[in-house]
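Each chain is listed here by its residues.
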Amino acid sequence: MDKLVIKGGKRLTGTVTASGSKNSSLPVIAATLLSSEGCCTLHRIPDLQDIRTFTQLINHLGAETSFSGNTLTVATGKIESVLAPYELVKKMRASIYVLGPLLARFGEARVSLPGGCAFGPRPIDLHLMAMEKLGAEISIETGFITAKAPGGKLKGAHIDFPISSVGATGNAMMAAVLAEGTTTLTNAAAEPEIVTLCRFLSAMGANITGTGSTELVIEGVESLAAVEFTNVFDRIEAGTLLAAAAITGGEITIEGVEADQLKSVLKKFVHAGCNVSHTEDSITLISPDKLAATDVTAKPYPSFPTDMQAQWTALMTQAEGTSRITDKVYHERFNHIPELNRLGAHIEIRKNQAVVHGTRKLSGTKVMSTDLRASACLVLAGLVAEGVTEVLRVYHLDRGYEKIETKLAALGADITREQYKEFS
Ligand code: UD1
């Protein structure tokens, strides 16, 4: 296994380019399944384990792919199977994204139920509710979801989501674009990843109005074409890199970004005392002498993202005063807290809130990654901790951050990747 070895205390400075978004790549790759001829060319796809797992899944269905230099080509003319097996789905919950497009194009799909998750229950009931509203008959047996559209075709419907869900909105959209008639989605997710999916589907020939809002209207079309498309930047990677600069008292510029999509996060950096400025495609952050304690509450977009709360918690260990980090999306997403406390932080968990008492001097030790964003938070803590921090099980980090140690090292961090053997 790999670990990251970080010697803390280096101030990060310089310029770095953001990678493409993982969370928008996944539904976009799933959406390629909707076209029955030609080849989609997708640019700015990050080279990450999750992308390779998802590509393996669509290859299993019969798609032909090639991936080189962040460009993925996908030909989906010869899909031979509508079955997503347990062996692949268990590696990544986002595999559920194949349900909507398979059902829309072939009138049927069999997808293994995804398993549990490191930060609490992550049900898929809203995905299934959306498919049922579109006319699918759903049964769950022997660990598989079997979905069938009577007569082979889904029918437009009104789908009102009781809570905002990125995944269920994406799946419903991909199912509705080839359905007969009009579908209306209300309380739909409006995250930039959904906007990117809307843009991709529209480029393929889908008829979608309301892009960027919580109400989407989709007129079903007969067929969709394979197209060339450029993915959006990864706003969570960008936010994490800004936090890396801020926690080390540094000064960085991130290129290839749109500040608008990070508004809620940038506002918090300003509140914490950072000087933040932006151009059309870059963001610059200059750290203050002392960070100020700043509360955040993670909620659906445009609020502060749940995928940034662990990193914010690490940052607040270095802020003066007490800050409260509340997660209203995933109430149990606090696996990183005991590990941060092992580094010397003083953080209490109260229900869905972490209360961070700063400023605490952190000292390096071995810490364990438990999930993707928790690992990012431990890397941030390692950048400021005295001595050496070893972040173990970095395969979690590798699922979502492209060349993270290369990017951090280029900004001046003392960080290396090493192999180790885990004793059980
Ligand atoms: C996506 C992101 C993930 C991010 C999350 C919230 C991807 C691959 N992952 O996950 O990084 O943390 O959005 O921004 O894009 N829920 C239900 N029933 C469902 C589906 C969701 O109750 O059928 C609940 C979830 O438990 C959660 C909330 O809805 O409390 C939001 O989850 P959702 O937006 O669906 O997250 P994902 O799409 O799985």
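Residues numbered from 1 in each chain as written. Predicted model: local features only at pLDDT ≥ 70, side-chain atom pairs only at ≥ 80, totals over all residues. Heavy atoms only, no water.

### Examining the site of the ligand
- Taken together, 19 residues lie around the ligand, and Asp-125, Ser-165, Val-166, Asp-307 and Val-329 are the ones closest in.
- At a separation of 2.7 Å, a nitrogen atom of the ligand approaches a polar side-chain atom of Asp-125.
- Interatomic distance of 2.7 Å between a backbone N/O atom of Val-166 and an oxygen atom of the ligand.
- Across the complex, the protein chains shield 83% of the 740 Å² of accessible surface that the ligand would expose by itself.
- Elements represented by at least two residues in the shell around the ligand include exactly helix H1 (22-31), helix H5 (125-133) and helix H6 (166-176).
- At three residues, the largest contribution of residues to the shell around the ligand is made by H5. (Near = heavy atom within 4 Å. Polar contact = N/O pair within 3.5 Å; in protein donor to acceptor, adjacent residues only side chain to side chain. Areas by Shrake-Rupley, 256 points an atom, 1.4 Å probe, with all protein chains shown as cover. Helix = DSSP H or I, 4+ residues; strand = E, 2+ residues; numbered from the N terminus.)

### Focus: the pairing of strand S3 (residues 39-43)
- Taking every second residue as pointing to the same face, the buried face of S3 carries Cys-40 and Leu-42, while none of Cys-39, Thr-41 and His-43 on the other face is buried.
- Two strands pair when backbone bridges link them, and S3 and strand S5 (residues 71-75) are joined in this way by four bridges, in the antiparallel orientation. Residue pairing for S5: Cys-40 is matched across the bridge by Val-74.
- Here S3 pairs with strand S14 (residues 228-230) via three bridges, running parallel. Of the residues in S14, the one forming a bridge with His-43 is Thr-230. (Buried < 20%, exposed > 50% of the residue type's maximum accessible area, 1.4 Å probe, protein only. Pairing = 2+ DSSP bridges.)

### Regarding the sheet that holds strand S17 (residues 282-286)
- The strand order across the open sheet formed by four strands is S2-S15-S17-S16, and the pairing between neighbours is mixed. Each edge of the sheet is formed by a strand with only one pairing partner; in this case those strands are strand S2 (13-17) and strand S16 (275-278). Geometrically, the sheet is characterised by an average inter-axis angle of 15 degrees between neighbouring strands, direction not taken into account.
- One ladder, built from five bridges, connects strand S15 (residues 251-255) with S17; its direction is antiparallel. Within S17, the residue paired with Glu-255 across the bridge is Ser-282.
- Contacting S2, S15 and S17, helix H8 (residues 235-247) runs over the sheet at an angle of about 165 degrees to S15. (Axes fitted to C-alpha atoms, helices over the stretch in contact; angles between N-to-C directions. Contact = heavy atoms within 4.5 Å.)

### Examining the layout of surface pockets
- Size it by volume and the second largest pocket reaches roughly 150 Å³.
- Around the second largest pocket, the lining residues are Ala-246, Ile-247, Gly-249, Ser-287, Pro-288, Asp-289, Lys-290, Leu-291, Gln-318, Glu-320, Thr-359 and Val-384.
- For the lining of the second largest pocket, the class distribution of residues is five nonpolar, four polar and three charged. (1 Å grid on protein atoms, 1.4 Å probe; cavity = no way out; pocket = protein on both sides within 12 Å on 5 of 7 lines; lining within 4 Å. Points joined across faces, edges and corners; volume = space filled by probe spheres on them. Nonpolar A, V, L, I, M, F, W, Y, C, P; charged D, E, K, R; others polar.)

### Things to note about the packing of H6 against helix H7 (residues 192-204)
- Relative to each other, H6 and H7 sit at 10 degrees, their axes nearing to 10 Å. By the angle between their directions, the pair H6 and H7 is classed as roughly parallel. Taken together, the residues of H7 that come into contact with H6 (itself represented by Val-166, Thr-169, Gly-170, Met-173 and Met-174) are Ile-194, Leu-197, Cys-198 and Leu-201. (Parallel < 35°, antiparallel > 145°, perpendicular 65-115°, else oblique.)

### What about the packing of H1 against helix H2 (residues 49-61)?
- Axis separation between H1 and H2 bottoms out at 10 Å; the angle between their running directions is 10 degrees. It follows from the interaxial angle that H1 and H2 lie roughly parallel. Along its contact with H1, which presents Lys-22, Ser-25, Leu-26, Ile-29 and Ala-30, the element H2 presents Asp-50, Ile-51, Phe-54 and Ile-58.
- In terms of residue class, the contact of H1 with H2 is made up of six nonpolar, one polar and two charged.

### With respect to a negative patch on the surface
- A grouping of Glu-255, Glu-258, Glu-280 and Asp-281 is seen on the molecular surface, where their side chains present a negatively charged patch.
- Turning to its location among the elements, Glu-255 is positioned in strand S15. (Patch = residues over 30% accessible without salt bridge, like charges linked within 9 Å, V, L, I, M, F, W, Y side chains within 5 Å. Salt bridge = Lys/Arg side-chain N within 4 Å of Asp/Glu carboxyl O. Lys, Arg positive; Asp, Glu negative; His and termini not counted. Charge placed at Lys NZ, Arg CZ, Asp CG, Glu CD.)

### Some details on the sheet that holds strand S11 (residues 182-186)
- Here we have four strands laid out as an open sheet, ordered S10-S11-S13-S12, and mixed in their pairing. Each having just a single partner strand, strand S10 (158-160) and strand S12 (207-209) make up the two edges of the open sheet. Mean inter-strand twist for the sheet, computed between neighbouring axes without regard to direction, equals 15 degrees.

### Structural notes on the domain arrangement of the protein chain
- By domain assignment, the protein chain separates into domain 1 (2-18 + 233-419) and domain 2 (22-230).
- Between the C-alpha centres of domain 1 and domain 2 the distance comes to 31 Å.
- Both sides of the domain 1 and domain 2 interface together cover about 1700 Å² of buried area, and 49% of this is carbon and sulfur.
- Looking at the side of domain 1 facing domain 2, the largest losses of area belong to Tyr-330, Arg-399 and Glu-402, adding up to 34% of the total buried there.
- In this assembly, domain 1 and domain 2 are joined by two salt bridges.
- When the shortest N-O distance is used, the salt bridge between Glu-193 and Arg-235 registers 2.8 Å.
- On inspection of domain 1 and its partner domain 2, the count reaches eight residue pairs in polar contact (both at pLDDT 80 or more).
- Along the lines of polarity and charge, the residues of the side of domain 1 that touches domain 2 split into seven nonpolar, five polar and ten charged. (Domains from an automatic or database assignment. Buried area = accessible area lost by both parts, 1.4 Å probe.)

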